[in-house]
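# Remarks on the overall topology
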Amino acid sequence: MSRLDRTPSFTFRQLSAFVAVAETGTISAAASLLMVSPSAVSLTISDLEKVLRTQLCVRRRAHGVQLTPTGQAMLARARVLLQQASEMEAGSTDSGGEPAGPLSIGCYPTVGPTVLPPLLARFTELHPAVTIRFHEATADELATKLDSGELDAVIVYDLDVPPTWQSATLLTRHPTLVVANDHPLAGEAGPVALAEVADEPMVLLDTAPSAEHAMRVCAAAGFTPTVAYRTANYETVRAFVGWGLGWTIMLQQPQLNTTYGGLGVVARPIGDPRLEPVRLLIAWKQDVLLSRVTREFIRFAVDRYAAAEGR
């Protein structure tokens with residue numbers, strides 16, 4: 001019998017148990033998720049390791065489970081196989097050919113409250129059989145999760161995007177200077193020169209890639225800012241600016257220029273230096289076979305913003 005004709009010795013039940021253990025970190029948590037006993041999960045993982053003739057994870061008493069390098073490599077492939085099996089099963093039911101199954105999306109914390117909600121609301125309205133999980137994280141964390149297969153796609157700026165990713169443009173944003181509504185520049189007509197705030201304290205959104213981009217913008221204006229406050233929280237930055245504790249640079253701004261405390265902030269376009277717009281992308285790994293749900297979401301997101309921006 002040729003290798004192409006040989007039926008795999010492992011089962012989807014074994015793969016499901018392996019993925020559950022990898023994602024939860026413990027045998028007991030995986031057992032609870034799968035609604036079976038911990039001993040059954042442990043035996044299933046052992047059987048899978050015997051079939052594959054390799055160790056996939058290390059069981060550490062009171063410290064959970066840690067994947068071996070082989071286990072890490074197998075995890076992404078196991079997810080793909082389970083995803084394809086789920087699609088095959090969904091396609092054979094009476095779902096009318098509608099996309100169905102899980103979708104994991106990642107984004108920056110600044111994108112979470114502004115861009116993602118309307119996308120998810122409309123997409124799930126069109127495709128109710130899709131279940132979506134989303135993760136807000138820094139650029140490094142999103143890259144790790146996408147590369148490991150934990151995320152299907154990410155929404156990020158085109159700043160230091162890995163060459164192993166494929167992407168499509170959603171929209172473009174210009175960097176803006178954000179000041180309190182009683183700041184001298186708040187009421188100026190037209191774009192402002194960033195150098196006008198060079199001697200004032202800055203409130204830095206201290207998360208990648210926002211921080212690096214803001215510092216590059218300041219460098220283009222010919223100065224290094226005096227960073228008085230740093231925070232990774234988007235709304236905390238706006239609150240500090242609203243209280244007059246400094247200015248900041250942002251790409252994403254909510255429609256209401258009011259902080260949680262009710263203070264006003266104003267976003268002013270930057271005319272000097274002349275800055276290139278920054279694209280907001282939806283990205284995925286180029287060497288991964290995307291699920292139908294992921295492909296549909298990418299197409300939906302791109303079409304939605306193309307229509308909105310007149311592309």
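For the structure given in this document, a descriptive report is provided here. (Residues numbered from 1 in each chain as written. Predicted model: local features only at pLDDT ≥ 70, side-chain atom pairs only at ≥ 80, totals over all residues. Heavy atoms only, no water.)

Their axes nearest at 9 Å, the elements helix α1 (residues 12-24) and helix α3 (residues 38-52) cross at an angle of 110°. It follows from the interaxial angle that α1 and α3 lie roughly perpendicular. When the axes of α1 and α3 are compared, the crossing they make is left-handed. Each of R13, Q14, L15, A17, F18 and V21 in α1 lies in contact with α3, whose residues at this interface are V41, T44, I45, D47 and L48. When grouped by side-chain class, the residues that make up the contact of α1 with α3 number 7 nonpolar, 2 polar and 2 charged. (Axes fitted to C-alpha atoms, helices over the stretch in contact; angles between N-to-C directions. Helix = DSSP H or I, 4+ residues; strand = E, 2+ residues; numbered from the N terminus. Parallel < 35°, antiparallel > 145°, perpendicular 65-115°, else oblique. Left-handed = near helix turned anticlockwise from the far one by under 90°. Contact = heavy atoms within 4.5 Å. Nonpolar A, V, L, I, M, F, W, Y, C, P; charged D, E, K, R; others polar.)

Strand order across the open sheet formed by 4 strands is β8-β12-β7-β11, with mixed pairing between neighbours. In the strand order of this sheet, the two ends are held by β8 (192-193) and β11 (248-250), each with one partner. Here strand β7 (residues 176-180) runs beside β11; their pairing, made up of 3 bridges, is antiparallel. For V178, the partnering residue across the bridge sits in β11 and is T248. The sheet strands contacting helix α8 (residues 234-242) are β7, β11 and β12 (265-272), and the helix crosses β11 at an angle near 140°. (Pairing = 2+ DSSP bridges.)

All chains considered together, the criterion is met by 5 aromatic pairs. With centroids separated by 5.5 Å and ring planes inclined at 35°, the aromatic side chains of Y108 and Y157 adopt a geometry described as tilted. Of this pair, Y108 sits in the loop between β3 (101-107) and α5 (116-126) while Y157 sits in strand β5 (residues 153-157), placing them 49 residues apart in sequence. Each member of the pair, Y108 as well as Y157, carries the same accessibility label: buried. Each ring, one from F123 and one from F300, has its centre 5.5 Å from the other, and the planes form 55°; the classification is tilted. Here F123 is found in helix α5, whereas its partner F300 is found in helix α9 (residues 292-308), with 177 residues between them in sequence. Neither residue differs from the other here; F123 and F300 are each classed as buried. (Phe/Tyr/Trp six-rings, centres within 6.5 Å; stacked < 30°, edge-to-face > 60°. Buried < 20%, exposed > 50% of the residue type's maximum accessible area, 1.4 Å probe, protein only.)

On the surface, a cluster of nonpolar side chains totalling about 240 Å² of accessible area is made up of L33, L34 and V36. Inspection of the secondary structure puts L33 in helix α2 (residues 27-34). (Patch = residues over 30% accessible without salt bridge, like charges linked within 9 Å, V, L, I, M, F, W, Y side chains within 5 Å. Areas by Shrake-Rupley, 256 points an atom, 1.4 Å probe, with all protein chains shown as cover. Salt bridge = Lys/Arg side-chain N within 4 Å of Asp/Glu carboxyl O.)

To continue, consider α3. When the terminal C-alpha atoms of α3 are compared, their 21 Å separation across 15 residues agrees well with the 21 Å that a helix rising 1.5 Å per residue should span. Taken together, the buried positions of α3 are occupied by V41, T44, I45, L48 and E49. Down the axis of α3, the buried side of the element spans an arc of 135°, and every buried residue falls inside it. In α3, the exposed positions that point more than 90 degrees away from the buried face belong to S39, L43 and K50. Each element contacted by the buried residues of α3 is listed here: α1, α2 and β1 (57-60). (Expected span 1.5 Å × (residues − 1). Arc of directions from axis to C-beta.)

Attention shifts here to the layout of surface pockets. Its boundaries defined by the atoms lining it, the largest pocket holds a volume of some 780 Å³. Looking at the lining of the largest pocket, the elements that each hand over two or more residues are α1, α2, α4 (69-91), β3, β4 (130-136), α6 (139-148) and β13 (278-285). The residue inventory of the lining of the largest pocket, partitioned by class, reads 15 nonpolar, 9 polar and 8 charged. Both domains that meet at the lining of the largest pocket, namely domain 1 (12-81) and domain 2 (99-161 + 282-310), each give it at least three residues. (1 Å grid on protein atoms, 1.4 Å probe; cavity = no way out; pocket = protein on both sides within 12 Å on 5 of 7 lines; lining within 4 Å. Points joined across faces, edges and corners; volume = space filled by probe spheres on them. Domains from an automatic or database assignment.)

What follows covers the environment of R292. By the element assignment, R292 lies in helix α9. Accessibility expressed as a relative area gives 30% for R292, which makes it partly exposed. Sequence-wise, R292 and L103 are 189 residues apart; in three dimensions their C-alpha atoms are separated by 9.8 Å.

Our focus in this paragraph is a negative patch on the surface. Residues D140, E141, D160 and E212 make up a contiguous surface patch of negative charge. Along the chain, E212 falls in helix α7 (residues 210-220). (Lys, Arg positive; Asp, Glu negative; His and termini not counted. Charge placed at Lys NZ, Arg CZ, Asp CG, Glu CD.)

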